[in-house]
Amino acid sequence: MAKGVLIGLTNLHYAKLLTDVVGGQTTYDTPVRIAGAISATFSPNASNDTLFADDGPYETASTLGAMTLELNVADIAPDIRASLLGASYVNGILAQTAADVPPYVAVGMSVQKSNGAKRLIWYLKGKFAAPDDNNQTKADSINWNTPSITGNFLKRDSDGKWRVAVDTDDANASQAVINGWFTTPNVDSLAPETTNTLTVTITGTGNVNVNGILYTDAREIGAGEVVTIEFSATPSVFTIGGTDRTSEIVDGTFAFAMPAADTAVAVTFA
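Criteria and thresholds
Residues numbered from 1 in each chain as written. Predicted model: local features only at pLDDT ≥ 70, side-chain atom pairs only at ≥ 80, totals over all residues. Heavy atoms only, no water. Core = buried A, V, L, I, M, F, W, Y, C linked by side-chain atoms within 4.5 Å. Buried < 20%, exposed > 50% of the residue type's maximum accessible area, 1.4 Å probe, protein only. Helix = DSSP H or I, 4+ residues; strand = E, 2+ residues; numbered from the N terminus. Contact = heavy atoms within 4.5 Å. Pairing = 2+ DSSP bridges. Salt bridge = Lys/Arg side-chain N within 4 Å of Asp/Glu carboxyl O. Phe/Tyr/Trp six-rings, centres within 6.5 Å; stacked < 30°, edge-to-face > 60°.

1. Examining the nonpolar core
Core analysis: the biggest nonpolar cluster contains 21 residues, and Leu-69, Leu-84, Val-107, Phe-128 and Phe-153 have the highest contact counts within it. Secondary-structure elements contributing two or more residues to this core are strand 1 (10–19), strand 7 (67–73), helix 1 (78–85), strand 10 (105–112), strand 11 (118–128) and strand 12 (148–153). In contact with Val-107, other than residues within four places in its own chain, are Leu-12, His-13, Tyr-14, Leu-69, Leu-71, Ile-121, Trp-122, Tyr-123, Phe-128 and Phe-153.

Spelled out as structure tokens, the structure:
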């Protein structure tokens, strides 16, 4: 990854959070772009403290505080303001009441780097409060009255995540994730399934089925997927990655989870 310094901000988006339960899957509505991004300031308010014992520093610990995100934009359109604040927007009229309940949202953005790449970010769960209105009369010079809106952010209940990010010049980054970044805050779902090659070498007279299909050529199988091998006869030698597993064959069948690497199987029939 080439050297790069953060120098710009664009592609500001928000997505309403629909569901977020412990042990479940957080879901979101379709992301919506907020035009005119000027700045985005995120403060994790982390704290770090050191315990002193035995006449010296003994242990240190850190914790996240009340996380905040402040957005400054050219303008907040009334429909977007209504959506972020739980207000009403009907027939072009934005109506706000004391009973409005802002929804939880995720906020995404693209940060330009000096080397031409970008850092793509999603803050995953937060609520915004109504912004101040700062208006003034026109004078002999232009005063740009650009609104700022601030939200308090949390970790997700489903998995504890509060931020995800990727640099487009990272060789380890998936192009599918980069291309689909602003389609969903659940960016892990954009990554293609990791597959690895399973190769079976057969010696002697006999054959094997892999997951119910006669083996003829190397197969691409997802890491962690259960692989079931069925033998036409009991082999004299059966190895996986060079390890003998012959004694573990039960009723002519052996099952294992595909490793996160290419795997060689050797079968010898007497």
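2. Examining the pairing of strand 22 (residues 263–268)
Only one face of strand 22 is covered, namely the one carrying Thr-263, Val-265 and Val-267; the face carrying Ala-264, Ala-266 and Thr-268 has none of its residues buried. In the sheet, strand 19 (residues 237–240) pairs with strand 22 via four bridges, with the strands oriented antiparallel. Note that in strand 22 the partner of Ile-240 across the bridge is Val-265.

3. Some details on helix 1
Two residues of an α-helix separated by three or four positions point the same way, owing to the 3.6 residues in each turn. Taking burial as the measure, the eight residues of helix 1 include six buried ones, the bulk of the element. Listing the buried residues of helix 1 in full gives Ile-80, Arg-81, Ala-82, Ser-83, Leu-84 and Leu-85. Within two residues after helix 1, Gly-86 carries a phi angle of roughly 75°, on the positive side.

4. Details of the pattern of salt bridges
What the rule picks out here adds up to nine salt bridges. Note that Lys-113 and Asp-167 form a salt bridge whose closest N and O atoms lie 2.8 Å from each other. Of this pair, Lys-113 sits in the loop between strand 10 and strand 11 while Asp-167 sits in strand 13 (residues 163–167), and the two are 54 residues apart along the sequence. A single burial state applies to Lys-113 and to Asp-167, both of which are buried. A salt bridge links Asp-159 to Arg-156; the shortest N-O distance between them is 2.7 Å. For Arg-156, a relative accessible area of 5% corresponds to the buried category.

5. Comments concerning the sheet that holds strand 19
Two pairing modes exist for strands in a sheet, parallel and antiparallel, and in both the strands are linked by backbone hydrogen bonds. Within the open sheet, the five strands sit side by side as 17-14-22-19-20. Their pairing is mixed. A single partner strand is all that each edge strand has here, and the edge strands are strand 17 (219–222) and strand 20 (243–244).

6. So, the packing of aromatic side chains
The geometry of an aromatic ring pair comes down to the distance between the two centres and the angle between the two planes. The final tally for this structure, using the stated rule, is eight aromatic pairs. Residues Phe-42 and Phe-153 carry aromatic rings whose centres are separated by 6.4 Å and whose planes lie at 80° to one another, so their mutual orientation is edge-to-face. Taken together, the residues span a long stretch of sequence, with Phe-42 in strand 4 (residues 37–43) and Phe-153 in strand 12 at a distance of 111 residues. Relative accessible area serves as the criterion here: at 17%, Phe-42 is assigned to the buried category. On the basis of an interplanar angle of 80° and a centroid distance of 5.9 Å, the ring pair of Phe-128 and Phe-153 is categorised as edge-to-face. One end of the pair, Phe-128, is in strand 11; the other, Phe-153, is in strand 12, with 25 residues separating them in the sequence. The residues Phe-128 and Phe-153 share a single accessibility class, namely buried. Through pairs of rings, three or more aromatic residues link up here, namely Phe-42, Tyr-123, Phe-128, Phe-153 and Trp-162.

7. Remarks on unusual backbone geometry
Of note in this structure, Asp-55 is not a glycine but carries a positive phi near 65°. When you line up the elements, Asp-55 lands in the loop between strand 5 (47–53) and strand 6 (56–63). According to the relative accessible area criterion, Asp-55 is exposed, its value standing at 87%. The phi dihedral of Asn-211 falls on the positive side, at around 55°, and the residue is not glycine. With respect to the secondary-structure elements, Asn-211 resides in the loop between strand 15 (208–210) and strand 16 (213–214). The exposure class assigned to Asn-211 is partly exposed, which follows from its relative accessible area of 32%.

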